[in-house]
Amino acid sequence: MQDKNTEAAGGGGFHGENFRRRSRYFMVFVILLIAFFVITVLNINTGNVHISIPDIFKIIFTKTGEPTAYNIIWKIRLPRILMAAMLGGALSLSGFLLQTFFENPIAGPYVLGISSGAKMVVALTMIYFLRRVETVSSYALIIAAFIGALLSTGFILIISRRIKHMATLLVAGIMIGYICSAVTDFVVTFAEDSDIVNLHGWSQGSFSGMSWSNVQISVMIVGITFVLTFLLSKPIGAYQLGEAYAQSMGVNIKVFRVTLILLSSILSACVTAFAGPISFVGIAVPFLVKRSLNTSRPLVVIPATFLGGAVFCMMCDLIARMAFAPLELNISTVTSIFGAPIVIFMMIRRQKGR
């Protein structure tokens, strides 16, 4: 009789813990969705031209309203907001994949030099094409950024064969980032002024000037990559428990690691091609999401990380536009202000945990 009571109590404790865990997940997603909705409205509402909230809903849902406000919302603000959300989510997810690969929460596309490699090849492509044609297509920039991201990642993978210590490998990635940045600066220094007018603003990171064609391309690329990443939730969960355990679950480690790098490179390349290099988002957001959810389960963390990155970048873009309006800050300036302290906190916390 006592055993049955103990078993019942244990079962109740398990179900109670399971309920609390799911309630926590639910609350985090609800908060993120509310934040997404509020920041979206604020981004559309604020600017040099103020648009009231009733007019916003009228223009968006009925596509009627005052012509000036209609054009501002549909041609300027809405594409920019959607791109900030899409690219912010992509950057956060890229950071999560790299942290899984390197088994280190400090890993991220900006820190490891992947963004710098993408920036280098995009800068070379822009300078080369702008001397011959007036514009460069979005597809050309994405391909260039992907090649640059893979070059940086390839160097890191080559170094990883000789260096097994992940902390040292991170330092090597940072050095690769500095080398790529130095090459970019060298090329820009000797380029003609007419070739680098748009390049300078892009290289600092910005969501301005986005169009619906940019939105369509990013939705297609980021959407497909997100789905593929989500389908890898089970192998990622097994890999988090160690390579030996993942192999016992039937995961091909070599193929799996290459897949992680390719998916991360595609995401970070898409961000760099459209908005330039953006710092700290790929490190700070996955950390905050995991802390909020109190879990590392990929099935939950992957969508939450994407949504958290979208909210974070939309908030930073709002601050960049409005903090010193009409002057606009670079997006990396704002993300660094909020992201760098989080990274410092992570490093201190890891040091204390030893």
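Procedures and definitions
Residues numbered from 1 in each chain as written. Predicted model: local features only at pLDDT ≥ 70, side-chain atom pairs only at ≥ 80, totals over all residues. Heavy atoms only, no water. Helix = DSSP H or I, 4+ residues; strand = E, 2+ residues; numbered from the N terminus. Buried < 20%, exposed > 50% of the residue type's maximum accessible area, 1.4 Å probe, protein only. Contact = heavy atoms within 4.5 Å. Areas by Shrake-Rupley, 256 points an atom, 1.4 Å probe, with all protein chains shown as cover. Core = buried A, V, L, I, M, F, W, Y, C linked by side-chain atoms within 4.5 Å. Patch = residues over 30% accessible without salt bridge, like charges linked within 9 Å, V, L, I, M, F, W, Y side chains within 5 Å. Salt bridge = Lys/Arg side-chain N within 4 Å of Asp/Glu carboxyl O. Phe/Tyr/Trp six-rings, centres within 6.5 Å; stacked < 30°, edge-to-face > 60°. Lys NZ or Arg CZ within 6 Å of the ring centre and 35° of its normal. Polar contact = N/O pair within 3.5 Å; in protein donor to acceptor, adjacent residues only side chain to side chain. Expected span 1.5 Å × (residues − 1). Arc of directions from axis to C-beta. pLDDT = per-residue confidence, 0-100. Axes fitted to C-alpha atoms, helices over the stretch in contact; angles between N-to-C directions. Parallel < 35°, antiparallel > 145°, perpendicular 65-115°, else oblique.

Draft legend 1. Structural view of the overall build of the chain. Across its full length, the chain carries 14 helices and zero strands. Secondary structure elements of the chain, listed N to C terminal, follow the sequence α-α-α-α-α-α-α-α-α-α-α-α-α-α. Across the 354 residues that make up the chain, the buried fraction comes to 47%. The contacts of the chain with a sequence gap of at least 6 include a subset with a gap of at least 24, amounting to 77%. Of the accessible surface of the chain, which amounts to about 18000 Å², a share of 67% is contributed by carbon and sulfur atoms.

Draft legend 2. Representation of the nonpolar core. Ranked by size, the top nonpolar core spans 97 residues in total, and within it Leu87 and Phe207 carry the most contacts. For this core, the leading source of residues is helix H3 (residues 67-102), giving 19 residues. Other than its neighbours up to four places away in sequence, Leu87 contacts Phe207, Met210, Ser218, Cys270, Val271, Phe274 and Ala275.

Draft legend 3. Spatial organisation of a nonpolar patch on the surface. Taken together, the side chains of Tyr139, Ile143, Ile147, Leu151, Met220, Ile224, Val227, Leu228 and Leu231 define a hydrophobic patch exposed on the protein surface, amounting to about 870 Å² of accessible area. Listed by contribution, the elements that provide at least two residues to the nonpolar patch are helix H5 (138-162) and helix H8 (212-231). Considering each element in turn, the nonpolar patch owes the most residues, five residues, to H8. Here Ile147 is to be found in helix H5.

Draft legend 4. Layout of the packing of aromatic side chains. Enumeration according to the criterion identifies nine aromatic pairs in this entry. Where Tyr239 meets Phe256, the ring centres are 5.1 Å apart and the plane angle is 45 degrees; that geometry is what we call tilted. Taken as a pair, Tyr239 in helix H9 (residues 233-240) and Phe256 in helix H11 (residues 253-275) lie far apart in primary sequence, 17 residues in all. Owing to a relative accessible area of 1%, Tyr239 belongs among the buried residues under this scheme. An aromatic cluster is defined as three or more aromatic residues linked by ring pairs; in this entry it consists of Phe37, Phe57 and Phe61. If you follow Lys63 out to its NZ or CZ, it ends over the ring of Trp74, 5.2 Å from the centre.

Draft legend 5. The side chain of Ser92, seen in detail. As for its position among the elements, Ser92 is in helix H3. Among the polar contacts made by the side chain of Ser92, one reaches the main-chain carbonyl oxygen of Gly88 at a distance of 3.0 Å. With residues near it in sequence (within four places) discarded, Ser92 still touches Val281, Gly282, Val285, Pro286, Thr305 and Gly309.

Draft legend 6. Main features of H8. Helix length check: H8 (20 residues) gives 28 Å between terminal C-alpha atoms against 28 Å at 1.5 Å per residue, within 8%. Every buried residue belonging to H8 is among Asn214, Val215, Ile217, Ser218, Ile221, Val222, Thr225 and Thr229, and all of these are buried. Down the axis, H8 shows its buried residues gathered within 165 degrees of arc, on one side only. Residues of H8 that are exposed and angled more than 90 degrees away from the buried face: Gln216 and Leu231. Looking at the buried positions of H8, the neighbouring elements they touch are H3, H5, H9, H11 and helix H13 (298-322).

Draft legend 7. Geometry of the side chain of Asn18. Turning to its location among the elements, Asn18 is positioned in helix H1 (residues 2-45). Under the relative-accessibility criterion, Asn18 is labelled buried at 19%. At a separation of 2.7 Å, a polar atom in the side chain of Asn18 contacts the side chain of Arg21.

Draft legend 8. Local environment of helix H12 (residues 281-293). Between its first and last C-alpha, H12 extends 18 Å over 13 residues, near the 18 Å set by a 1.5 Å rise per residue. Asn294 lies just past H12 and shows a positive phi near 60 degrees.

Draft legend 9. Here's a closer look at the confidence of the model for the chain. Of the residues in the chain, 88% reach a pLDDT of 70 or more, and the chain-wide mean stands at 84. Across the chain, element-level confidence peaks in H13 with a mean pLDDT of 94 and bottoms out in helix H7 (residues 197-203) with 64.

Draft legend 10. Highlighting the pattern of salt bridges. Summed over all chains, the structure comprises four salt bridges. Between Arg80 and Asp317 there is a salt bridge whose closest N-O contact spans 2.7 Å. In this pair, Arg80 is assigned in helix H3 and Asp317 in helix H13, connecting sequence segments 237 residues apart. Classification of Arg80 as buried rests on a relative accessible area of 10%. The class of Asp317 is buried, set by a relative accessible area of 2%. For the salt bridge of Arg80 with Glu328, the shortest nitrogen-to-oxygen distance reads 2.7 Å. Here Glu328 lies in the loop between H13 and helix H14 (331-353) and Arg80 lies in helix H3, a separation of 248 residues in the sequence.

Draft legend 11. Main features of the packing of H9 against H13. As a packed pair, H9 and H13 sit with axes 9 Å apart at the nearest point and diverge in direction by 110 degrees. The pairing of H9 with H13 is recorded here as roughly perpendicular in orientation. Here H9 contributes Ser233, Ile236, Gly237 and Gln240 to the contact with H13, which in turn contributes Pro298, Leu299 and Ile302.

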